[in-house]
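Given next are the chains, with one letter for each unit.
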Amino acid sequence: ECDWSSDVCSSDLYQKALDWIQKIDVEDSKKADISYLAADIYVNLNRMDEARSKLKEALRADSFFAPAYYLLGCIDLDNRQTEKARENFQKALYLDKDFVMARFYMAQAFRTEGQVREAMREYRNTLNVLSKEHSEANTELMLESSGFNLMTLKSICSDNLERLKFEA
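Residues numbered from 1 in each chain as written. Predicted model: local features only at pLDDT ≥ 70, side-chain atom pairs only at ≥ 80, totals over all residues. Heavy atoms only, no water.

Student: Kindly report on the environment of Leu-55, identifying the contributing residues and their values.
Tutor: As for its position among the elements, Leu-55 is in helix H3 (residues 48-61). Judged by its relative accessible area of 0%, Leu-55 is buried. Measuring from C-alpha to C-alpha, the distance between Leu-55 and Pro-67 comes to 9.0 Å, with 12 residues separating the pair along the chain. Leave out the neighbours within four places in its chain, and Leu-55 touches Tyr-36, Ala-39, Ala-68, Leu-71, Leu-72 and Ile-75. (Helix = DSSP H or I, 4+ residues; strand = E, 2+ residues; numbered from the N terminus. Buried < 20%, exposed > 50% of the residue type's maximum accessible area, 1.4 Å probe, protein only. Contact = heavy atoms within 4.5 Å.)

Student: Which residues make up the packing of aromatic side chains, and what values go with them?
Tutor: Going through the model one piece at a time under the given rule, you end up with seven aromatic pairs. Summarising the aromatic geometry, the rings of Tyr-70 and Phe-89 are spaced 6.3 Å apart at their centres and angled 40° between planes, so their arrangement reads as tilted. Linking Tyr-70 in helix H4 (residues 66-78) with Phe-89 in helix H5 (residues 82-95), this pair joins segments that are 19 residues apart in sequence. Pair check on accessibility: Tyr-70 and Phe-89 agree, each one buried. Between Phe-104 and Tyr-105, the ring centres sit 5.1 Å apart and the planes meet at 75°, which makes this aromatic pair edge-to-face. Judged by relative accessible area, which is 4%, Tyr-105 ranks as buried. (Phe/Tyr/Trp six-rings, centres within 6.5 Å; stacked < 30°, edge-to-face > 60°.)

Student: Break down the side chain of Arg-103 for me, citing the residues and quoting the values.
Tutor: By the secondary structure assignment, Arg-103 is in helix H6 (residues 100-112). If we skip the residues at most four places from it in the chain, Arg-103 touches Leu-93, Lys-97, Glu-122, Asn-125, Thr-126 and Val-129.

Okay, here's the thing in structure tokens:
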């Protein structure tokens, strides 16, 4: 499941950020980013209905905005709606096949459903994406924003693969 408890900011700071975001007048090309940022804050405040609303707003601004599908998938996974979560992760991956966190949580969804082979495939895919020649700084930043670092995520995937071998 997605871990929403890793934030270090108080709800007051999140609310200040939301107030600031609502005052921003951005060009059309940035509306998806701003709506996504607001949705991410709402998720951290455990205000999932508002988060979903902002994600739908992001997708209206840009229907090809993979992070919105990813975050919708995380919300669905957290609500134990694994099939719906997988659909959203799949949309994110269709738009960005190297979206490492969508791959990781896709594996988690498969594992939750008891689909061992599919979970193993996605853990392997996650490890493959992590080993590609991406800009290390960009990968680290993206992982840290999800509460992981590169080595931790690799370790989790490898450990899960080893455990799942006994279930296959």
